[in-house]
Amino acid sequence: MAVLKEELRETVVDKEMESEVEEVAIGSRRVFKYSAQSDSVYEVSEASYEECETDKFISSDSSGHTVIWLETPGKHYFISGNEDHCVLEMRLEITAGEPSYSDDTSSSSSALL
């Protein structure tokens, strides 16, 4: 019997991230680490992502340690809340796909530093 394999994949994205496209399973999470004094993370629309528009965001966090759970399928767009950083390609596009199925209940993790 196949059981839903919970993906505990985690990517740590530091302040040096560059524009990137990533595909992950629904249920994955991403951790953004940055200086809370000079930066933040915004989830934005595709249009705001392309233009680095920091005034039209879906959600935001400026704690210095932002955890994003990708719970819905489709594309998700994240940019630096510091417009100067975003223009320098500090942004991330993530496509969340269907969860994977497995014959066991083991989980995997990965990190991108």
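Use the structure listed above.
Note that the structure is a prediction, hence the values are computed from the model and not measured. (Residues numbered from 1 in each chain as written. Predicted model: local features only at pLDDT ≥ 70, side-chain atom pairs only at ≥ 80, totals over all residues. Heavy atoms only, no water.)

**Notes on the overall build of the protein chain**
Turning to step 1, where the next piece is worked out: For the protein chain, the count of helices and strands is two helices and 10 strands.
Turning to step 2, where the next piece is worked out: Mapped in sequence order, the helices and strands of the protein chain form the string β-β-β-β-β-α-β-β-β-α-β-β.
Turning to step 3, where the next piece is worked out: In the protein chain, the proportion of contacts linking residues at least 24 apart, taken out of those at least 6 apart, comes to 68%. (Helix = DSSP H or I, 4+ residues; strand = E, 2+ residues; numbered from the N terminus. Contact = heavy atoms within 4.5 Å.)

**Examining the packing of aromatic side chains**
Turning to step 1, where the next piece is worked out: Within the structure shown, the criterion is met by three aromatic pairs.
Turning to step 2, where the next piece is worked out: Aromatic pair Tyr42 and Phe57: ring centres 4.6 Å apart, planes at 35°, arrangement tilted. Taken together, the positions of Tyr42 in strand β5 (residues 41-44) and Phe57 in strand β6 (residues 57-61) put the pair 15 residues apart, joining distant regions of the chain.
Turning to step 3, where the next piece is worked out: By relative accessible area, which is 40% here, Phe57 ends up partly exposed.
Turning to step 4, where the next piece is worked out: Arranged with centres 5.1 Å apart and planes meeting at 50°, the rings of Tyr49 and Tyr77 form a pair that is tilted. Of this pair, Tyr49 sits in helix α1 (residues 46-51) while Tyr77 sits in strand β8 (residues 74-80), placing them 28 residues apart in sequence.
Turning to step 5, where the next piece is worked out: Given the relative accessible area of 6%, Tyr77 is considered buried.
Turning to step 6, where the next piece is worked out: Arg91 extends its terminal NZ or CZ atom over the ring of Tyr49, reaching a point 5.0 Å from the ring centre. (Phe/Tyr/Trp six-rings, centres within 6.5 Å; stacked < 30°, edge-to-face > 60°. Buried < 20%, exposed > 50% of the residue type's maximum accessible area, 1.4 Å probe, protein only. Lys NZ or Arg CZ within 6 Å of the ring centre and 35° of its normal.)

**Comments concerning the nonpolar core**
Turning to step 1, where the next piece is worked out: Counting 11 residues, the largest nonpolar core consists of Val24, Ile26, Phe32, Tyr34, Val41, Ile68, Leu70, Phe78, Leu92, Ile94 and Ala96.
Turning to step 2, where the next piece is worked out: At three residues, strand β9 (residues 91-97) tops the list of elements feeding residues into this core.
Turning to step 3, where the next piece is worked out: Among the nonpolar cores identified, the runner-up in size contains seven residues, and Tyr42, Tyr49, Tyr77 and Ile79 belong to it. (Core = buried A, V, L, I, M, F, W, Y, C linked by side-chain atoms within 4.5 Å.)

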